[in-house]
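# Examination of the molecular architecture
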Amino acid sequence: MLSRPLAEPYRIKMVEPLKITTREQRQELIKSAGYNPFLLKSQDVYIDLLTDSGTSAMSDNQWAGLLLGDESYAGSRSFDSLRQAVQDVFGFDYVLPTHQGRAAENILFLTMVKEGQIVPNNMHFDTTKAHVIQKRGRPLDLVTDIAYVASDTSPFKGDMDTHKLDQVLTNQRDDVPLVMLTITCNSAGGQPVSMANIREVSKICKKHGVPFFIDACRFAENAFFIRERERGYENASIADIVREMFSYADGCTMSAKKDALVNIGGFLATRDEKIYRAAMVWCVLFEGFPTYGGLAGRDMEAIARGLYEVLSLDYLAERIGQVRYLADRLREQGIPLVEPTGGHGVYIDAQKMLSHIPKEQFPAWALSVALYVEGGVRGVEIGSVLSGRRPDGENDYARMELVRLAIPRRVYTDRHMDVVVAAAAAVRDKASAIPGFRFVEEPPILRHFTAKFEPVGGRTGVLF
Ligand code: PM9
């Protein structure tokens, strides 16, 4: 295991004050938010681990880049900076900037997916799944079975089951417009995908003549794990590992809000001119002219700089080291986690921690509410609420009920992590008194963002 630097490889130049609320205030605040942590105001959250997306602290170099942004409608110099960075880092010549990752998915699937077609992925993230479905396609998760075993400590639990992929492509080649691989695999716990697996998926796609795209959000964190865990890469630079990873793919979608260390932005990139030209039409319609897409020039400048910065081994060792610090402290408190610790957050096994709450009452949702009440900590449910409903209207129960504590990049210190551990330990101590939840309002798509809930049985419990 690569050791973490003695301290952060940066120092703090600007601070953002945080409000510390009382327990009573938080009880009222979460109740008025319909027991949905997404509906809390951020100022009422002490430590916000809702997402690592768009929450990074930018560097002075990135902020300097903002001032140099070229806001021209067409032919912006900042687009050239972005294209150059994408070419250098990923090796793709064609780039369409988008306002965030899901916009790149929208454009890619509009270009490639037709009604009834199947899109295999190791595990679809919720926006990816929703965009495939919105094009009337069928998302198919082919991650290896061990990804669903929280306690399994295999090093690359994000790998796709290549045997299953080969079978799907052998039997239904004409129904598959592209194959995707999400690195790291967010929905499975931020678990990495090995280079061997990326290579094998690519080989199978080539054999069947199917384009292969990578969901690249957390590409640098994935490369770090390859360097740490895969034989032959222990002395390679992150830049070289990333170049090899993407050399096997035809293109990628990217939410720059993760590993490009910015607060907004994304892109679709490819080496395939035909796909690029077809996607460009949709880019113009939904995002904007191809040299700015959904972005301001200054944002493209910040992304370009972030893409180089994130390749630093010291940065990545600190980043992933902090995630492990939180996991180690939680484990010491007996909190059950998805193992091994992933790249961008710690995933608590809520089914195990709140074993008295049946899946119909959403144990992971209950845990996310309880963590807020106990410590002002906001995590996110990755369970059956997020999973949504099947076409027949039944809840599409998730195979794991998890709460993700996603750590923003370069934002919190280890002392903040200690507060999270104390909140989790307090929840553990009163676990049996925590009630389940049921819907009061349920939107039809991506319901977790805006749904409202109430505790089951009108129980007030210890927390509410
Ligand atoms: N991921 C996350 O918190 C942010 C949205 S949900 C609160 O994990 C993958 C693997 C993602 C992802 C976003 C997107 C979409 C695509 N793939 O949010 O549209 O984790 O930039 O990216 C979130 P955008």
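Shown above is the structure to which this text applies.
Below is a short write-up of the structure. Remember, it's a predicted structure, so these values are computed and weren't measured experimentally.

## Regarding the nonpolar core
- Core analysis: the biggest nonpolar cluster contains 66 residues, and Phe 90, Val 179, Phe 219, Met 245, Phe 246, Phe 267 and Leu 307 have the highest contact counts within it.
- Membership of the second largest hydrophobic core comes to 49 residues, among which are Leu 330, Met 353, Trp 365 and Phe 439.

## Notes on the environment of Gln 361
- Along the polypeptide, Gln 361 turns up in the loop between α13 (350-353) and α14 (363-375).
- A residue is classified by how much of its surface remains accessible, and Gln 361, at 24% relative accessible area, is partly exposed.
- Separated by 319 residues in sequence, Gln 361 and Ser 42 place their C-alpha atoms 26 Å apart.
- Here Gln 361 is in contact with Gly 436, Phe 437 and Val 456, once residues within four sequence places are set aside.

## Some remarks on the site of the ligand
- Looking at the ligand, there are 18 residues lining it, with Thr 51, Arg 102, Ser 255, Lys 258 and Arg 404 nearest.
- Taking Arg 218, its side chain carries an N or O atom lying 2.9 Å from an oxygen atom of the ligand.
- With respect to the ligand, the side chain of Ser 255 contributes an N or O atom lying 2.6 Å from an oxygen atom.
- Within the complex, 95% of the 530 Å² of free accessible area of the ligand lies under protein.
- A per-element tally of the shell around the ligand places helix α4 (residues 101-112) first, with three residues.
- A per-class count over the shell around the ligand returns three nonpolar, eight polar and seven charged.

## Remarks on the pattern of salt bridges
- As enumerated under the stated definition, the model contains 32 salt bridges in all.
- Of the charged contacts, one joins Glu 228 and Arg 229 as a salt bridge, the two residues approaching to 3.5 Å between their closest N and O atoms.
- Arg 410 is the salt-bridge partner of Glu 309, the closest N and O atoms lying 3.0 Å from each other. One end of the pair, Glu 309, is in helix α11 (residues 297-309); the other, Arg 410, is in the loop between β12 (402-406) and α16 (414-429), with 101 residues separating them in the sequence.
- In this structure Arg 410 comes out as buried when scored by relative accessible area, which is 18%.
- A single network of salt bridges, built from pairs that share partners, joins Asp 52, Arg 218, Glu 221, Asp 259, Arg 319 and Arg 409.

## Considerations on the sheet that holds strand β9 (residues 345-349)
- Ordered by their spatial adjacency, three strands build an open sheet running β9-β12-β11, and the pairing between neighbours is antiparallel. Two strands close off the open sheet at either side, each with one partner strand: β9 and β11 (380-382). Neighbour-to-neighbour, the strand axes of the sheet open up by a mean angle of 35°, direction not taken into account.
- With five bridges connecting them, β9 and β12 associate as antiparallel partners. Among the inter-strand pairings, Ile 348 is bridged to a residue of β12, identified as Val 403.
- Packed on one face of the sheet, α14 meets β9, β11 and β12 and runs near 40° to β12.

## Thoughts on α16
- Its 16 residues place the ends of α16 23 Å apart at the C-alpha level, agreeing with the 22 Å of an ideal helix rising 1.5 Å per residue.
- Every buried residue of α16 is listed here: His 416, Met 417, Val 420, Val 421, Ala 423, Ala 424, Ala 425 and Val 427.

## A look at the layout of surface pockets
- Approximately 1300 Å³ is the volume attributed to the second largest pocket.
- Contributing to the lining of the second largest pocket are 39 residues, with Lys 129, Ile 133, Ser 387, Gly 388 and Asp 396 lying nearest its centre.
- Elements supplying a minimum of two residues to the lining of the second largest pocket: α5 (126-134), β4 (138-141) and α15 (384-387).
- Among the elements that make up the lining of the second largest pocket, the one with the highest residue count is α5 (seven residues).
- Here the lining of the second largest pocket is composed, by residue class, of 18 nonpolar, 10 polar and 11 charged.

## Points about empty space enclosed by the protein
- Using the criterion set out here, one finds three cavities of 30 Å³ or more in the structure.
- Here the largest cavity is characterised by a volume of approximately 50 Å³.
- Lining the largest cavity are Tyr 10, Tyr 315, Glu 318, Arg 319, Gln 322, Pro 408, Arg 409 and Arg 410.

## Here we look at the side chain of Gln 322
- Relative to the helices and strands, Gln 322 is located in helix α12 (residues 313-332).
- Reaching out from Gln 322, the side chain makes a polar contact with the backbone oxygen of Tyr 412 at a distance of 2.9 Å.
- Ignoring sequence-local partners within four residues, the contact set of Gln 322 consists of Arg 4, Ile 407, Tyr 412, Thr 413, Asp 414 and Met 417.

## Quick look at the side chain of Arg 26
- Relative to the helices and strands, Arg 26 is located in helix α1 (residues 23-32).
- Buried within the structure, Arg 26 lacks any salt-bridge partner; its nearest side chain of opposite charge belongs to Glu 374, at an N-O separation of 6.3 Å.
- Within the local environment of Arg 26, its side chain forms a polar contact with the backbone oxygen of Glu 374, the two atoms lying 3.1 Å apart.
- In this structure, Arg 26 is in contact with Thr 21, Tyr 372, Val 373, Glu 374, Gly 375 and Gly 376, ignoring residues within four places of it in sequence.

## Description of the sheet that holds strand β7 (residues 251-255)
- Strand order in the open sheet formed by five strands is β2-β8-β7-β6-β5, with mixed pairing between adjacent strands. At either margin of the open sheet sits one strand with a lone partner, and together these are β2 (94-98) and β5 (179-182). Ignoring strand direction, the axes of neighbouring strands in this sheet form an average angle of 15°.
- Of the pairings in the sheet, the one linking β5 to strand β6 (residues 212-215) comprises four bridges and is parallel in character. By the bridge assignment, Leu 181 is partnered in β6 with Ile 214.
- In the packing of helix α10 (residues 273-286) onto the sheet, contacts are made with β2, β6 and β8 (266-270), and the angle to β2 comes to roughly 20°.

Rules behind the numbers
- Residues numbered from 1 in each chain as written.
- Predicted model: local features only at pLDDT ≥ 70, side-chain atom pairs only at ≥ 80, totals over all residues.
- Heavy atoms only, no water.
- Core = buried A, V, L, I, M, F, W, Y, C linked by side-chain atoms within 4.5 Å.
- Buried < 20%, exposed > 50% of the residue type's maximum accessible area, 1.4 Å probe, protein only.
- Helix = DSSP H or I, 4+ residues; strand = E, 2+ residues; numbered from the N terminus.
- Contact = heavy atoms within 4.5 Å.
- Near = heavy atom within 4 Å.
- Polar contact = N/O pair within 3.5 Å; in protein donor to acceptor, adjacent residues only side chain to side chain.
- Areas by Shrake-Rupley, 256 points an atom, 1.4 Å probe, with all protein chains shown as cover.
- Nonpolar A, V, L, I, M, F, W, Y, C, P; charged D, E, K, R; others polar.
- Salt bridge = Lys/Arg side-chain N within 4 Å of Asp/Glu carboxyl O.
- Pairing = 2+ DSSP bridges.
- Axes fitted to C-alpha atoms, helices over the stretch in contact; angles between N-to-C directions.
- Expected span 1.5 Å × (residues − 1).
- 1 Å grid on protein atoms, 1.4 Å probe; cavity = no way out; pocket = protein on both sides within 12 Å on 5 of 7 lines; lining within 4 Å.
- Points joined across faces, edges and corners; volume = space filled by probe spheres on them.
- Lys, Arg positive; Asp, Glu negative; His and termini not counted.

As far as function goes, none of this settles anything; it's purely spatial.
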